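Listed below, chain by chain, are the residues.
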Amino acid sequence: MTQPEPDSLWPLIEPLLTEAHDPVQYLGGELNSRSKDWSQDQSETIRWVLAFPDAYSVAVPNQGLQMLYEIINERPDALAERAYAPWPDMEQAMRRAGVEWFTVDSHRPASRFDIIGLSLSTELGYTNLLTCLDLSGLALHAKDRRQSDPLVIVGGHCAFNPEPLADFIDGAVLGDGEEVVGAITDSTRQWKEQGKPGGRAGLLERLARADLVYVPAFYTVGYDEQSKQIAQVFPNNPAAAPRPTKKTVLDLDEWQYPKAPLVPFAETVHERASVEIFRGCLRGCRFCQAGMITRPVRERSAPVIERMAQKAIAATGFDEVGLLSLSSADHSQIAKLAKTMADHYEGSQTGLSLPSTRVDAFNLELAQELHRGGRRSGLTFAPEGGSERMRRVINKQVTEEDLIKTVATAFGQGWRSVKLYFMCGLPTEETADVTQIAALAGRVIATGRATAGHKDISCTVSIGPFVPKPHTPFQWAAQCPPAVVDERLAALRQAVAALGKPGRAITIRAAPGRPAMLEGLLARGDRRVGTVIEAAWRAGARFDGWREYLDMDLWEETAAIVLAERGLSLDWYTTRPRDYDEVLPWDHLDAGLDRDWLWDDWVAATAAEGVEDCRWSSCYDCGVCTRLGTEIQLAVGL
Ligand code: SF4
């Protein structure tokens, strides 16, 4: 390490590292990390902490945070440093030594910055968020914070229902961060230059008035005594927008970030240079929150993607480029792009990857092109629903024949194993819909053996429990009780065993139903769920997204006690269906989707009726383009 910066906590942190596992994650100083001059006039510089409240291995590769890190640090009037959640061993060591939550770049206390921006990609990070705030010495409840404390603002997919966090956060940003982070920086700088009129509340009013940030404290939520449902949500501050609205960046070519991705010191989940090739997805899968809240599709042009990949490889030395999006084979120029990039990197040490689970021959062609002459990774397809009927319910327009044809081609070309993704506990699902997965996997094995002419063929079936999410057509659905999910999974195992010898070539990897109840509670929770989160955190809940840390007994007991005081229960939030008239906790937040369209799509789902991808068919007016003034951006002609 070089000499610690003034105000750095490094001299206090260093002795703790012998107690921490994987201490390298607290060091900072990775290739392409930044630590800007802290000595500039504080009134002229807006200091951001960009945090991802999870472990380093998951947090560092996060693209959104890396983009914002560069965008802010390019500004002469701002700086951004990174912070991650300390593992429980480090948290304990920090508490014993009285060390505050710190940034990994200059090891300064997060409490010394102007804004703490936390990216939330999973609800299971909420208790870690509380750990970070508490270790910073900030009051857990936003209303108790001091004038000098930084603003706590969350973003990411969970910000589309931040209500369970309403007590703890000052604000939430909905949608794309590239432009709004600059606007928040500008507003905060002006507020500081003007002598901080109105204090913290004055700044929050400024950000709310410009509809940059949703401030939960500016809205009152009333509940119906009888039904316990939300009776109404109304603004209690003139600065509050009636419906805070999602931000959408239309031209991704204007925002070519990250330019120089971070190269982590410790092992992380992805070690590659990633280029986001488009944002949004219009396939209309009814369970998919990511697809719904990122509408419409906005593609990057092929030349920009190629240039970004080359720059990222040069800046990092990674030996793999990942072409990322929600469904990468759907980019309108992907065939040409894959060929050009495969030509460019052929014979080099650089490999290409394209996460896509599309069930068709084109996807296979792409995989062949990208792995030209190189190592073949496994093939993964995601039919998601076990039966044809289920796939129509979820709007995953894939037939069994599509899948069999695709795997036959794959096995004919030399692949020996495939992985299939499904969900269990979907709306209208019966046990027979799940046991049909066995028959399907059995056909995959039989087809593979017949096509390949040998028996060395295998199929892994991966199944996750379905959790209804806000801003999707399934937001009104009852979550399937965990006992039912587990029964259906047991029936599936029996059905696979009943296949006899071919069944031995099928591996079932299934997550049990119980942990999904926690995700369900936090995903569709209202402000009253904040009390449960705080109580569970005080009782020791940490890193709930990690199987080895999640304590469901603790969560269930805490939820039962805390919610019973209000006449509520875990089931009330999860396994209870909602109807059209119920005010949902996130209804006052505008993701662009028309509520009536969502409802109609939910009704269509229950009748197993599909809807086309509006990119290739006509617009069915989901609301996004008309309400937000956006339109689909295809790379053709860019
Ligand atoms: S408004 Fe129309 S074109 Fe735009 S995303 Fe919705 S359905 Fe597609």
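What counts and how
Each residue is numbered by its place in its chain's sequence as written, counting from 1. At least 70 in pLDDT is required for a residue's local features to be given in this predicted model, at least 80 for side-chain atom pairs to be given and counted, and no such filter applies to totals for whole chains, interfaces and linings, which use all residues. Runs of H or I in DSSP of at least four residues are treated as helices and runs of E of at least two as strands, each being numbered from the N terminus. Radius of gyration here is computed from C-alpha atoms only, and the compact-globule reference equals 2.2 Å multiplied by the residue count raised to the power 0.38. Three exposure classes are used, all based on how many other C-beta atoms lie within 10 Å of a residue's own C-beta (placed from the backbone): buried at 20 or more, exposed at 12 or fewer, and partly exposed between those limits. By definition, residues are in contact whenever their C-beta atoms, placed on the basis of the backbone, come within 7 Å of each other. In this description, a line fitted to the C-alpha atoms serves as the axis of each element, helices being fitted only across the stretch in contact, and the angle between N-to-C directions of two axes falls anywhere from 0 to 180 degrees. Comment on the angle field: the value is read as roughly parallel under 35 degrees, roughly antiparallel over 145, roughly perpendicular from 65 to 115, and oblique elsewhere. Crossings are classed by handedness, with left-handed meaning an anticlockwise turn of the near helix from the far one by less than a right angle and right-handed meaning a clockwise turn. How far each domain reaches was decided by an automatic or database domain assignment. In this analysis, strands are considered paired if DSSP registers two or more bridges between them. Connectivity within a nonpolar core runs through C-beta atoms within 7 Å, and the core itself is a set of buried Ala, Val, Leu, Ile, Met, Phe, Trp, Tyr and Cys residues. Here, expected helix span is obtained from the residue count minus one, scaled by 1.5 Å.

A. Structural view of the overall build of the protein. If you tally the helices and strands in the protein, you get 21 helices and 16 strands. Computed over its C-alpha atoms, the radius of gyration of the protein comes to 25 Å, within 12% of the 26 Å expected for a compact globule of 638 residues. Taken along the three principal axes of its C-alpha coordinates, the protein extends 75 × 65 × 50 Å. Residue burial in the protein is summarised as follows: out of 638 residues, 49% are buried. Of all intrachain contacts in the protein linking residues separated by at least 6 positions in sequence, the fraction that spans at least 24 positions is 77%.

B. Structural view of the packing of helix α14 (residues 431-452) against helix α15 (residues 482-497). Where α14 meets α15, the axes come as close as 8 Å, and the angle between the chain directions of the two elements is 30 degrees. Overall, the two elements α14 and α15 adopt an arrangement that is roughly parallel. Crossing of α14 against α15: the hand is right-handed. Here Thr-431, Val-434, Thr-435, Ile-437, Ala-438 and Ala-441 of α14 lie close against α15, whose contacting residues are Arg-488, Ala-491, Leu-492, Ala-495 and Val-496.

C. Fine view of the domain arrangement of the protein. Domain boundaries assigned for the protein yield domain 1 (10-235) and domain 2 (378-520). Distance from the C-alpha centre of domain 1 to the C-alpha centre of domain 2: 39 Å.

D. How the structure looks around the sheet that holds strand β11 (residues 320-324). With parallel pairing, 3 strands are arranged side by side in an open sheet as β8-β11-β12. Each having just a single partner strand, β8 (273-276) and β12 (351-353) make up the two edges of the open sheet. In this sheet, adjacent strand axes meet at a mean angle of 20 degrees when their direction is disregarded. The pairing of β8 with β11 spans 4 bridges and is parallel. When the sheet's bridge partners are listed, Glu-276 is paired in β11 with Leu-324.

E. Molecular detail of the packing of helix α3 (residues 63-74) against helix α6 (residues 180-193). Close contact between α3 and α6 brings their axes to 10 Å; oriented N to C, the two are set at 40 degrees. Classified by the angle their axes make, α3 and α6 are oblique. Here α3 and α6 pass one another in a crossing that is right-handed. Along its contact with α3, which presents Leu-68, Ile-71 and Ile-72, the element α6 presents Val-181, Gly-182 and Thr-185.

F. Looking closely at the nonpolar core. Val-213 and Ala-441 are the most contacted members of the largest nonpolar core, which has 180 residues in total. Both of domain 1 (10-235) and domain 2 (378-520) provide at least three residues apiece to this core. In this structure Val-213 touches Ile-153, Gly-171, Ala-172, Val-173, Ile-184, Leu-207 and Ala-208, once residues within four positions along its chain are discounted.

G. The arrangement of the sheet that holds strand β14 (residues 417-424) in detail. As summarised here, the arrangement of the 4 strands in space is β13-β14-β15-β16, forming an open sheet in which the pairing is parallel. Looking at the sheet topology across the chains shown, the edges are occupied by β13 (379-384) and β16 (506-510). Strand-to-strand twist of the sheet, defined as the mean angle between neighbouring strand axes without regard to direction, takes the value 20 degrees. Inspection of the sheet shows β13 paired to β14 by 4 bridges, in the parallel sense. Within β14, the residue paired with Phe-381 across the bridge is Leu-420. Across the sheet, α15 is in contact with β14, β15 (458-465) and β16; its angle to β16 comes to roughly 175 degrees.

H. Up close: the pairing of strand β2 (residues 78-84). In terms of burial, β2 is largely enclosed, as 7 of its 7 residues are buried. Neither face of β2 is exposed, since Ala-78, Ala-80, Arg-82 and Tyr-84 on one face and Leu-79, Glu-81 and Ala-83 on the opposite face are all buried. Judged from the 7 bridges that link them, strand β1 (residues 46-52) and β2 form a sheet pairing that is parallel. Looking at β2, one finds that Phe-52 is bridged to Tyr-84.

I. Just the environment of Gln-63, in detail. Its location among the elements puts Gln-63 in helix α3. As for Gln-63 and Glu-276, which are separated by 213 residues in sequence, their C-alpha atoms are 8.5 Å apart. Beyond its immediate sequence surroundings of up to four residues, Gln-63 is in contact with Pro-258, Ser-274 and Glu-276.

J. Unusual backbone geometry, seen in detail. Following Tyr-257, the chain continues to Pro-258 via a peptide bond in cis, the omega torsion being -10 degrees. The topology assignment puts Pro-258 in the loop between β7 (230-235) and β8. In this model, Arg-295 is joined to Pro-296 through a cis peptide bond whose omega is -10 degrees. Summarising the element assignment, Pro-296 is placed in the loop between α8 (289-293) and β10 (298-299). Although it is not a glycine, Asn-395 adopts a positive phi angle of roughly 65 degrees. For Asn-395, the location among the structural elements is in the loop between α12 (388-393) and α13 (400-412). Residue class for Asn-395 comes out buried when judged on the 24 C-beta atoms lying within 10 Å of it. The backbone of Thr-428 shows a phi angle near 70 degrees, a positive value even though the residue is not glycine. Mapped onto the fold, Thr-428 is located in the loop between β14 and α14.

K. Here's a closer look at α3. A rise of 1.5 Å per residue sets the reference length of α3, with its 12 residues, at 16 Å; its end C-alpha atoms lie 17 Å apart and thus fit the reference within 8%. Every buried residue of α3 is accounted for by Gly-64, Leu-65, Gln-66, Met-67, Leu-68, Tyr-69, Ile-71 and Ile-72. Elements that come into contact with the buried residues of α3 comprise β1, β2, β3 (115-119) and α6.

L. Quick peek at the environment of Arg-243. By the secondary structure assignment, Arg-243 is in the loop between β7 and β8. Using a count of 14 C-beta atoms within 10 Å as the deciding quantity, one classes Arg-243 as partly exposed. Distance from Arg-243 to Asp-211, taken between C-alpha atoms, is 8.9 Å for residues 32 residues apart in sequence. Non-local contacts of Arg-243, meaning those with residues more than four positions away in its chain, are made with His-588, Leu-589 and Asp-590.

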